[in-house]
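Chain by chain, the residues run as shown.
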Amino acid sequence: MDTDLYDEFGNYIGPELDSDEDDDELGRETKDLDEMDDDDDDDDVGDHDDDHPGMEVVLHEDKKYYPTAEEVYGPEVETIVQEEDTQPLTEPIIKPVKTKKFTLMEQTLPVTVYEMDFLADLMDNSELIRNVTLCGHLHHGKTCFVDCLIEQTHPEIRKRYDQDLCYTDILFTEQERGVGIKSTPVTVVLPDTKGKSYLFNIMDTPGHVNFSDEVTAGLRISDGVVLFIDAAEGVMLNTERLIKHAVQERLAVTVCINKIDRLILELKLPPTDAYYKLRHIVDEVNGLISMYSTDENLILSPLLGNVCFSSSQYSICFTLGSFAKIYADTFGDINYQEFAKRLWGDIYFNPKTRKFTKKAPTSSSQRSFVEFILEPLYKILAQVVGDVDTSLPRTLDELGIHLTKEELKLNIRPLLRLVCKKFFGEFTGFVDMCVQHIPSPKVGAKPKIEHTYTGGVDSDLGEAMSDCDPDGPLMCHTTKMYSTDDGVQFHAFGRVLSGTIHAGQPVKVLGENYTLEDEEDSQICTVGRLWISVARYHIEVNRVPAGNWVLIEGVDQPIVKTATITEPRGNEEIAVEPVNPSELPKMLDGLRKVNKSYPSLTTKVEESGEHVILGTGELYLDCVMHDLRKMYSEIDIKVADPVVTFCETVVETSSLKCFAETPNKKNKITMIAEPLEKGLAEDIENEVVQITWNRKKLGEFFQTKYDWDLLAARSIWAFGPDATGPNILVDDTLPSEVDKALLGSVKDSIVQGFQWGTREGPLCDELIRNVKFKILDAVVAQEPLHRGGGQIIPTARRVVYSAFLMATPRLMEPYYFVEVQAPADCVSAVYTVLARRRGHVTQDAPIPGSPLYTIKAFIPAIDSFGFETDLRTHTQGQAFSLSVFHHWQIVPGDPLDKSIVIRPLEPQPAPHLAREFMIKTRRRKGLSEDVSISKFFDDPMLLELAKQDVVLNYPM
């Protein structure tokens, strides 16, 4: 090897070689020769391959180990070859079909003790229908009570003895959490004591205060409520709110005192004390009703038949009437209605004279209720719990109850339930109570229409609804949306108020923003199928007449929360374009769906681009987020820390008159701001006073209740930011100084500016509250061209802001009212937890007849996040709390004080809170750090300030 021709790496570096071309030539020649040979081969009969099988050399890459896809599947099958390993191992190549299922539903119609046709026929007779909402505090036994009714009417549905049936908790989340989240309708046929059948539409509602919106949806389509009260706990926070709510909705109120077994088996009260406890509950409810209601005749008493006693766990349910009927059935020849009237209150039975007396015949005499109702009840329970083997069989024989040997061997609870079921029979007392004290849809329609219908009650439509006329024009009010098993579409649930709704009928769906003037929020839809809903199964029907509840398919598209469904009238053409959810990100579609699913949920987009969900409390939002993540859009959603809304207010009158000129310098408005009288903001919000009243009535209200002078009271221009907003705009100008006609011509523009300003205050874009703005002076241009809305509205808003900032502005925060139940030894721990969160206790008292204490307190909403968890950890889970919004309170400190330095990650002392809240809220909303006043004052105003030598600690 010649070393000069190669470098140290062995690469050739010698002179150019010219053999390449020659090789090429050679190659070509041999190729041609080969081809000629091939031709010869074809002519030959013998083939080379046969001569030398497998001798030819095939390169590795040309070898064919497997047949190609085309050869296997044929030419017309499209095959795809993909790179390996592009898919993670966790994902299956072919995904199994995932059936989404969030609710427990029966696959077939279960067996019932009545024919389905009978149920359908009852729907035509509105006098035999009762629309009832069962409501009450958390865990006071509403769902359990419905289970008893279901078991009574469905012979094959039975609860397992170790757990509750919870037939109306159809969502899996409800089953897991053990708490109702949605209102669930149940329609059953129930007999009264005389054996007459009635069609009951029952709405089982959640008891947690966070879900009070679900109760509202039920109340709106019911004619009466049955209020459930736990005999041991008595009247609780939500019981009180529900009474107020039912009275506001003008519904008939009846009471069911549930869990009476707890008085006997758990609190072990003697019968007389149990009577006192029950009487105490009835008195307390009556006290609340008289507080909220103006109707003198609304009194609850077992004697009137509108209070019934029950224990759902042991299927006991009786009224005085139905218990008296048991006596009549056993002993015969007793007028049980008369007997029932003597079974409550201070009435005693004298065994010698066999008469009832008001005075106790002997010192040891028991009241009739104790003697004839409680003592037999105590005896039955005591016999079953105490001596099953010895004296129970004899007692049961006396009562005419026959049990098999197997049944007698049952555990105590199932046995007790069985004995009580046979002794008390069906829940006829409950039916009697509802039939007598809750109006039928025919009777209840008129007050309901007067209360809820926005149109005229005297119109044809109004009259048809008041008569509950099945042949009138169709009118249906839907208040709830139920999603299907898989959460893909919704069915609307409501009450037919007049006319008859048919499956497949075209209807016009009117949304909440529909008015006769602006028909934008309405759409023509075709009704799909119709069902009667019984919690876990639906009975399909082809028409539903007035007075009934109905579940409607196919109208969910335009409905957001509630809607009115009527017949399409005239021949209006409407162009509707489909909202195609696939073009929108999944989350927005999910948000739209949870918005339909939860009645009081609000969703909005902040200026900073955040999507905000507003709900009533932590549990509520937790359920909303669960549905959003699992049911409606299967995506991960990141949640920011929860925040609360603030309000802005003033505590003094503006320090000087604030004015602003319009951009064209032709108009000038002057205003001052001052706080409203105490209680006035609440009156406006609760619609005690309405801006739509005439001048005279409005003036009288302000003069008598709030001592306004005649001029001011007559010149109220508007409430803001809307018709029930807690701010007032008053025209305080004098006719001698200002041309009233000119001012009147720009009134609408000034009001709009005022409402815009109060909707987004200057401190942190939150609502302004509790402020009265007075117009003191106005210079308005003569020519209409110079005083258009574009000139006046922004100027009015600027004056509102400057007057507001000159009147010592403050922030307000929402305060919650908290009710905590805890055993006596935990009370001090509750105090500690509250004190750490700026809360203060207003009352703590023992609950009569039980070992628990109730602690009532106020706590700022912003400090209430995680309060329940904190409370449970500090009391080892023995304390239970519920909180509801109560009032607004001013945050300590000046939000505009520049000298305050906010250090990150440190809790601020009390006087710095307002400043901290304001700055952090502004940051969150993407606004500038601080409020600059110069933005709201124009130059002449700033000169005026300088002239008056106003010392401002605000930055210019």
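As shown above, the structure is provided for reference.
Residues numbered from 1 in each chain as written. Predicted model: local features only at pLDDT ≥ 70, side-chain atom pairs only at ≥ 80, totals over all residues. Heavy atoms only, no water.

*Asks:* Could you clarify how one ought to interpret the overall build of the protein chain in this entry?
*Replies:* Of regular secondary structure, the protein chain possesses 31 helices and 32 strands. Computed over the C-alpha atoms, the radius of gyration of the protein chain is 39 Å, more than 25% above the 30 Å expected from 2.2 N^0.38 for a compact globule of 956 residues. Principal-axis analysis of the C-alpha atoms gives the protein chain an extent of 145 × 100 × 70 Å. Expressed as a percentage of the 956 residues in the protein chain, the buried residues total 49%. A fraction of 70% describes how many contacts in the protein chain between residues 6 or more apart in sequence connect residues 24 or more apart. Distance between charge centroids for the protein chain: 19 Å, based on 97 positive and 156 negative side chains. (Helix = DSSP H or I, 4+ residues; strand = E, 2+ residues; numbered from the N terminus. Rg over C-alpha atoms; globule rule 2.2 N^0.38 Å. Buried < 20%, exposed > 50% of the residue type's maximum accessible area, 1.4 Å probe, protein only. Contact = heavy atoms within 4.5 Å. Lys, Arg positive; Asp, Glu negative; His and termini not counted. Charge placed at Lys NZ, Arg CZ, Asp CG, Glu CD.)

*Asks:* When you look at the sheet that holds strand β5 (residues 252-258) in this model, what are you seeing that I'm missing?
*Replies:* Two modes of strand pairing occur in sheets, parallel and antiparallel, and in both the strands are linked by backbone hydrogen bonds. An order of β2-β3-β1-β4-β5-β6-β7 is seen for the seven strands of this open sheet, with the pairing classed as mixed. Pairing within the sheet leaves two strands with one partner each, and these edge strands are β2 (184-191) and β7 (316-318). When the angles between neighbouring strand axes are averaged without regard to direction, this sheet yields 25°. Bridge count between strand β1 (residues 129-136) and strand β3 (residues 197-204): six bridges; the pairing is parallel. The residue bridging T133 from the neighbouring strand is M203, located in β3. Lying on the sheet, helix α10 (residues 271-292) is in contact with β4 (224-230), β5 and β6 (307-311); it crosses β5 at an angle near 155°. (Pairing = 2+ DSSP bridges. Axes fitted to C-alpha atoms, helices over the stretch in contact; angles between N-to-C directions.)

*Asks:* It is not clear to me how the packing of helix α13 (residues 368-385) against helix α16 (residues 412-424) should be interpreted in this structure. Could you clarify?
*Replies:* A packed helix pair is summarised by two numbers, namely the angle formed by the two axes and the spacing between the axes. Orientation of α13 relative to α16, taken along the N-to-C sense of each, is 145°, at an axis distance of 9 Å. Considering only the axes of α13 and α16, their crossing is right-handed. Only I412, L415, L416, V419, C420, F423 and F424 of α16 make contact with α13, whose side of the interface consists of L377, I380, L381, V384 and V385. Residues of the contact of α13 with α16, tallied by class, amount to twelve nonpolar, no polar and no charged. (Left-handed = near helix turned anticlockwise from the far one by under 90°. Nonpolar A, V, L, I, M, F, W, Y, C, P; charged D, E, K, R; others polar.)

*Asks:* Explain the side chain of T112 to me, please; I cannot follow it from the model alone.
*Replies:* By the secondary structure assignment, T112 is in the loop between α3 (69-73) and α4 (116-122). T112 gets classed as buried once you look at its relative accessible area, which sits at 14%. Within the structure, T112 has its side chain in polar contact with the backbone oxygen of Y114 (distance 2.7 Å). Sequence-distant contacts of T112, defined by excluding residues within four places in its chain, comprise T153, H154, P155 and Y537. (Polar contact = N/O pair within 3.5 Å; in protein donor to acceptor, adjacent residues only side chain to side chain.)

*Asks:* Just to check I follow, could you spell out the nonpolar core for this structure?
*Replies:* Most often, soluble globular proteins have nonpolar side chains that are buried together. Among the nonpolar cores identified, the biggest contains 78 residues, and F200, V226, F430 and V555 are the most heavily contacted of them. Sort the elements by how many residues they give to this core and helix α21 (residues 618-632) lands first, with seven residues. For F430, the contacting residues outside a window of four places in its chain are L134, F145, L149, F200, I202, V226 and C317. (Core = buried A, V, L, I, M, F, W, Y, C linked by side-chain atoms within 4.5 Å.)

*Asks:* I'm lost on the side chain of N548 in this one. Help?
*Replies:* Looking at the element boundaries, N548 is found in the loop between β17 (543-545) and β18 (549-552). In terms of polar contacts, N548 uses its side chain to reach the backbone carbonyl oxygen of P545, at 3.2 Å. With residues near it in sequence (within four places) discarded, N548 still touches M123, I129, L199, N201, G494, R495 and V496.

*Asks:* What should I look at first to understand a nonpolar patch on the surface in this one?
*Replies:* Together, V72, Y73 and V77 give the surface a local cluster of nonpolar side chains, amounting to about 300 Å² of exposed area. Tracing the chain through its elements places Y73 in helix α3. (Patch = residues over 30% accessible without salt bridge, like charges linked within 9 Å, V, L, I, M, F, W, Y side chains within 5 Å. Areas by Shrake-Rupley, 256 points an atom, 1.4 Å probe, with all protein chains shown as cover. Salt bridge = Lys/Arg side-chain N within 4 Å of Asp/Glu carboxyl O.)

*Asks:* In this structure, what is going on with the sheet that holds strand β15 (residues 530-534)? I would like to understand it.
*Replies:* Strand order in the open sheet formed by eight strands is β14-β13-β19-β10-β11-β18-β15-β16, with antiparallel pairing between adjacent strands. This sheet does not close on itself; its edge strands, each paired only once, are β14 (522-526) and β16 (537-541). Here the strands of the sheet are splayed against their neighbours by 40° on average, with no regard to which way each runs. For strand β13 (residues 506-510) and strand β19 (residues 563-566), the ladder comprises three bridges, and the chain directions are antiparallel. By the bridge assignment for β19, K508 is matched with T566.

*Asks:* Would you mind going over unusual backbone geometry with me for this structure?
*Replies:* Most peptide bonds are trans, and most residues other than glycine sit at a negative phi. In this structure, P721 follows G720 across a cis peptide bond, with omega equal to 5°. Within the secondary structure, P721 sits in the loop between β25 (716-720) and β26 (727-731). One non-glycine residue, C166, lies in the positive phi region at around 50°. Take C166: it is sitting in the loop between α5 (142-153) and α6 (172-177). One non-glycine residue, A535, adopts positive backbone phi at about 50°. Within the secondary structure layout, A535 lies in the loop between β15 and β16.

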